[in-house]
Amino acid sequence: MQNGTPFYQKKGWIITAIIGLILIILIGSIIGTANGLNKKEQNVEAATGEIQTALQNRADLIPNLVNAVKGSQGQESAVYGKIADARTQYNQAKSSYDQANSQDDKTQAMQRQDRAFNLMVSTINENYPNLKSADQMQTLMAQLEGVNNRVTYERKQYNQRVQEYNNRVVSFPSSLVAAMTNHQKLAYFQADQQAQQNPTVDFSK
Amino acid sequence: MTLIKGFFRPLCLLLLAVCAASLLLTQSAAAEDPNSLQPDSRYPLITDRAKVLSDKTKETVRRQNQTFQKSQQQAQVGILTVDNTDGLSIRDFTNDLTLRKAWQLGSKKENNGVLIVFAKNNGANNVRVVTGTGAEAVLPDGKIRQLLAKYQDDLKSNQNEAVDRGLRQLFQELATTLPSSGRAQQNQQVSPWLIAGVLVVLVAVFAIWRKLRRQYPSQANRDGLIDEQDQRGSGWGPFLFGWLLGSASSGYSRADDDHYFDGGSDFDSGDFGGSDDFGGGDFGGGGSDF
């Protein structure tokens with residue numbers, strides 16, 4: 001058997017070849033899974049950018065609101081002080097977003113931006129309760145609702161991307177690859193609890 | 001044996017009946033659920049579940065979208081009507097609907113689609129107009145609100161004809177605001193099918209070449225040893241080649257999938273869209289409603 005048969009029919013060769021093939025398939029699969037994880041992570045990062053844009057567009061409307069307030073009867077000095085405070089909070093949250101190192105830090109910073117904006121709006125709403133019904137405010141109200149909805153929409157889409165990523169990180173067998181390449185679960189973007197409990201924050205309600 | 005056969009046919013029929021029944025039931029129960037609602041299969045741009053649209057309105061919508069399709073910008077304006085949004089506000093309903101990417105109007109590049117969503121909601125007659133990011137420039141939220149206010153009397157009426165007229169006029173206003181000029185360009189993208197076809201041809205050529213070399217061996221192969229080695233090798237070669245290529249190109253995947261060992265690329269159904277289909281454009285939560 002040993003002398004007559006060519007080497008590739010010997011048992012040792014066949015076993016080595018099979019093991020080699022399995023290794024190749026395994027390594028290829030691991031690479032594929034790692035690429036998939038990275039791709040899902042990139043989707044999350046892209047979605048973060050979208051939320052940040054929406055948050056910024058929303059905050060840009062505040063000067064319009066303040067101008068509209070100037071013409072109305074209300075507690076002017078108290079309101080301006082509070083709005084200034086809330087604006088400082090917003091800017092601080094924005095800069096911590098810019099300096100954030102990890103995805104979870106970015107999410108936290110954006111949540112603070114969300115809260116700061118809602119604080120500004122609720123301050124205005126408390127002191128100028130009839131503002132939203134004024135005729136000249138209708139366009140601005142529509143714009144506010146629009147930007148609010150964009151933030152909500154982008155937040156939901158972001159959470160979808162995070163869920164897709166997290167599913168891959170925790171589900172077997174890609175969880176093995178995730179552990180190897182140091183991919184961890186990401187936090188969801190929580191909606192501002194205060195905004196949900198306090199309907200006056202949303203001008204549309 | 002005959003006993004099993006006797007059971008088999010009625011069992012199959014029963015199974016079929018159960019499947020059909022459950023399919024019918026789920027269709028009617030999920031009618032207004034934004035997470036499972038589907039656009040009309042024949043003409044997705046008009047999905048009139050609440051049956052409020054007249055033939056005149058549908059014809060207007062069709063003709064306008066045909067005009068759009070011939071233009072360079074490839075915008076689209078669609079209408080969806082439902083009886084009830086199941087307790088959701090029309091805004092949340094539309095958000096859930098568009099997040100699913102089941103309605104994708106407008107060109108894929110420009111995202112210049114507009115969708116009118118109408119819900120009877122027991123007489124509340126809620127209307128929402130959603131704009132893709134590309135349409136927002138000419139149709140900002142404030143302007144949409146103004147348009148809605150303009151046709152408020154018709155849209156909020158409890159007369160079907162008035163609602164139909166309001167929707168038609170709203171549609172026409174939105175359509176005329178969207179840019180529609182020039183001529184449509186031919187699709188120049190390299191289709192994934194082309195790449196796949198080339199790969200298949202390459203692998204086939206590779207395999208055939210191997211086979212030919214075996215059949216017509218050169219002088220060096222006459223001693224038989226190398227011959228058989230070729231015979232072995234041609235089995236694994238194309239397989240490994242194709243498989244590793246697939247692995248390496250896992251980054252090409254365009255659609256989301258649940259495969260864990262992701263080795264292949266996905267193909268986009270948008271490459272084969274007809275004149276009545278969605279253009280593939282996305283929405284971003286913009287728009288206004290009342």
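The numbering scheme is per chain: residues are counted from 1 as the chain's sequence reads. Written order decides the labels, with chains lettered from A and ligands numbered from 1. Only residues with pLDDT of at least 70 are given local features in this predicted model, and only at 80 or more are side-chain atom pairs given and counted; all residues enter the totals for whole chains, interfaces and linings. The side-chain numbers reported here are obtained from all heavy atoms of the structure, hydrogens and water having been left aside.

S.K.: Even after reading the chapter, I still don't get the overall build of chain B, so can you show me in this structure?
M.R.: To qualify as a helix, a DSSP run of H or I must reach at least 4 residues; to qualify as a strand, a run of E must reach at least 2; elements of each kind are numbered from the N terminus. Scanning chain B for helices and strands turns up eight helices and five strands. Ordering the α and β elements of chain B from the N terminus gives α-β-α-β-α-β-β-α-α-α-α-α-β. Should any heavy atoms of two residues lie within 4.5 Å, those residues are counted as being in contact. In chain B, the share of contacts with a sequence separation of at least 24, taken over all contacts with a separation of at least 6, comes to 69%.

S.K.: What am I meant to see in a nonpolar patch on the surface here?
M.R.: Patches in this entry comprise residues that are over 30% relatively accessible and not in a salt bridge; like charges within 9 Å are linked, as are nonpolar side chains (Val, Leu, Ile, Met, Phe, Trp, Tyr) within 5 Å. Accessibility throughout is a Shrake-Rupley quantity obtained with a 1.4 Å probe, and a residue counts as covered only by protein chains that appear here. Within this document, salt bridges are pairs made up of a side-chain nitrogen of Lys or Arg and a carboxyl oxygen of Asp or Glu, the two lying within 4 Å of each other. Taken together, the side chains of A:Phe7, A:Trp13, A:Ile14, A:Ile18, A:Ile22 and A:Leu26 present a nonpolar region at the surface, about 570 Å² in accessible area. Residue position: A:Ile22 is located in helix 1 (residues 11–59).

S.K.: What is the right way to look at the environment of B:Asp83 in this model?
M.R.: Residues and elements named next belong to chain B. Mapping Asp 83 onto the fold places it in the loop between strand 2 (76–82) and helix 3 (90–99). In this structure the C-alpha to C-alpha distance between Asp 83 and Asp 40, which are 43 residues apart in sequence, comes to 15 Å. Each residue touching Asp 83, except ones within four places of it in the same chain, is listed here: Glu 32, Arg 49, Ala 50, Ala 119, Lys 120 and Asn 121.

S.K.: Just to check I follow, could you spell out the pattern of salt bridges for this structure?
M.R.: Close approach of charged atoms allows side chains with opposite charge to pair. Following the criterion strictly, the structure yields 18 salt bridges over all chains and no others. In this structure, B:Arg145 and A:Glu145 form a salt bridge, with 2.9 Å as the shortest nitrogen-oxygen distance. With B:Arg145 in helix 4 (residues 141–150) and A:Glu145 in helix 5 (residues 138–170), the pair connects residues from two separate chains. Comparing B:Arg145 with A:Glu145, the two get one shared label, buried. Relative accessibility under 20% of the residue-type maximum defines a buried residue, over 50% an exposed one, and the middle range a partly exposed one, all with a 1.4 Å probe and only protein chains included.

S.K.: For this particular structure, what's the right way to read the packing of helix 4 of chain B against helix 6 (residues 160–177) of chain B?
M.R.: Two packed helices can be described by the angle between their axes and the distance between those axes. Residues and elements named next belong to chain B. Only the stretch in contact is used when fitting a helix axis, every axis being a line fitted to C-alpha atoms; angles between N-to-C directions are given from 0 to 180 degrees. Following both chains from N to C, one finds helix 4 and helix 6 inclined at 150°, their axes separated by 10 Å at the closest point. Our classification of the angle between helix 4 and helix 6 gives roughly antiparallel. In the packing of helix 4 onto helix 6, the handedness of the crossing is right-handed. Side by side, helix 4 and helix 6 meet where Lys 143, Leu 147, Leu 148 and Lys 150 of the first sit next to Leu 170, Glu 173, Leu 174 and Thr 177 of the second. Gly is put with the polar residues, along with every residue not named as nonpolar or charged; the nonpolar set is Ala, Val, Leu, Ile, Met, Phe, Trp, Tyr, Cys and Pro, and the charged set is Asp, Glu, Lys and Arg. Its residues assigned to classes, the contact of helix 4 with helix 6 shows four nonpolar, one polar and three charged. With respect to orientation, any angle under 35 degrees is reported as roughly parallel, any angle over 145 as roughly antiparallel, any angle of 65 to 115 as roughly perpendicular, and every other angle as oblique. Crossing handedness follows the turn of the near helix against the far one: under a right angle anticlockwise gives a left-handed crossing, and clockwise gives a right-handed one.

S.K.: Before we go on, may I ask you to explain the side chain of A:Arg161 in this structure?
M.R.: Position of A:Arg161 among the secondary structure elements: in helix 5. A:Arg161 gets classed as buried once you look at its relative accessible area, which sits at 18%. With residues up to four places along the chain from it excluded, the contact list for A:Arg161 reads A:Asn43, A:Val44, A:Ala47 and B:Lys101.

S.K.: Which parts of the structure should I look at to understand the confidence of the model for chain A?
M.R.: Should the pLDDT be low somewhere, the predicted coordinates at that spot are not to be read in detail. Residue-level confidence of the predictor is summarised by pLDDT, bounded by 0 at the bottom and 100 at the top. Mean pLDDT over chain A stands at 85; residues scoring 70 or higher make up 90%. Across chain A, the element-wise mean pLDDT spans from 67 in helix 7 (residues 193–197) of chain A up to 92 in helix 1 of chain A.

S.K.: Can you help me understand helix 4 of chain B in this one?
M.R.: The periodicity of an α-helix, 3.6 residues per turn, causes residues three or four places apart in sequence to face the same way. Among all positions of helix 4 of chain B, only B:Asp141, B:Gly142, B:Ile144, B:Arg145, B:Leu147 and B:Leu148 are buried. Close packing links the buried residues of helix 4 of chain B with helix 5 of chain A together with strand 4 (126–132), helix 5 (152–155), helix 6 and strand 5 (283–289) of chain B.

S.K.: Sorry, what's going on with the nonpolar core here?
M.R.: Looking at soluble globular proteins, one finds that nonpolar side chains tend to be buried together. Residues B:Leu80, B:Trp103, B:Leu115, B:Ile116 and B:Leu170 are the most contacted members of the largest nonpolar core, which totals 48 residues. For this core, the secondary structure elements donating two or more residues are helix 2 (55–70), strand 2, helix 3, strand 3 (113–119), strand 4, helix 4 and helix 6 of chain B. Not counting residues within four places of it along the chain, the set of residues in contact with B:Trp103 comprises B:Leu37, B:Gln38, B:Pro39, B:Pro44, B:Thr47, B:Leu80, B:Leu97, B:Leu115, B:Phe278, B:Gly281 and B:Phe283. Of all hydrophobic cores here, the second largest spans 41 residues; its members include A:Ala47, A:Leu55, A:Ile62 and A:Tyr128. As used in this record, nonpolar core signifies buried Ala, Val, Leu, Ile, Met, Phe, Trp, Tyr and Cys residues forming a set joined through side-chain atoms within 4.5 Å.

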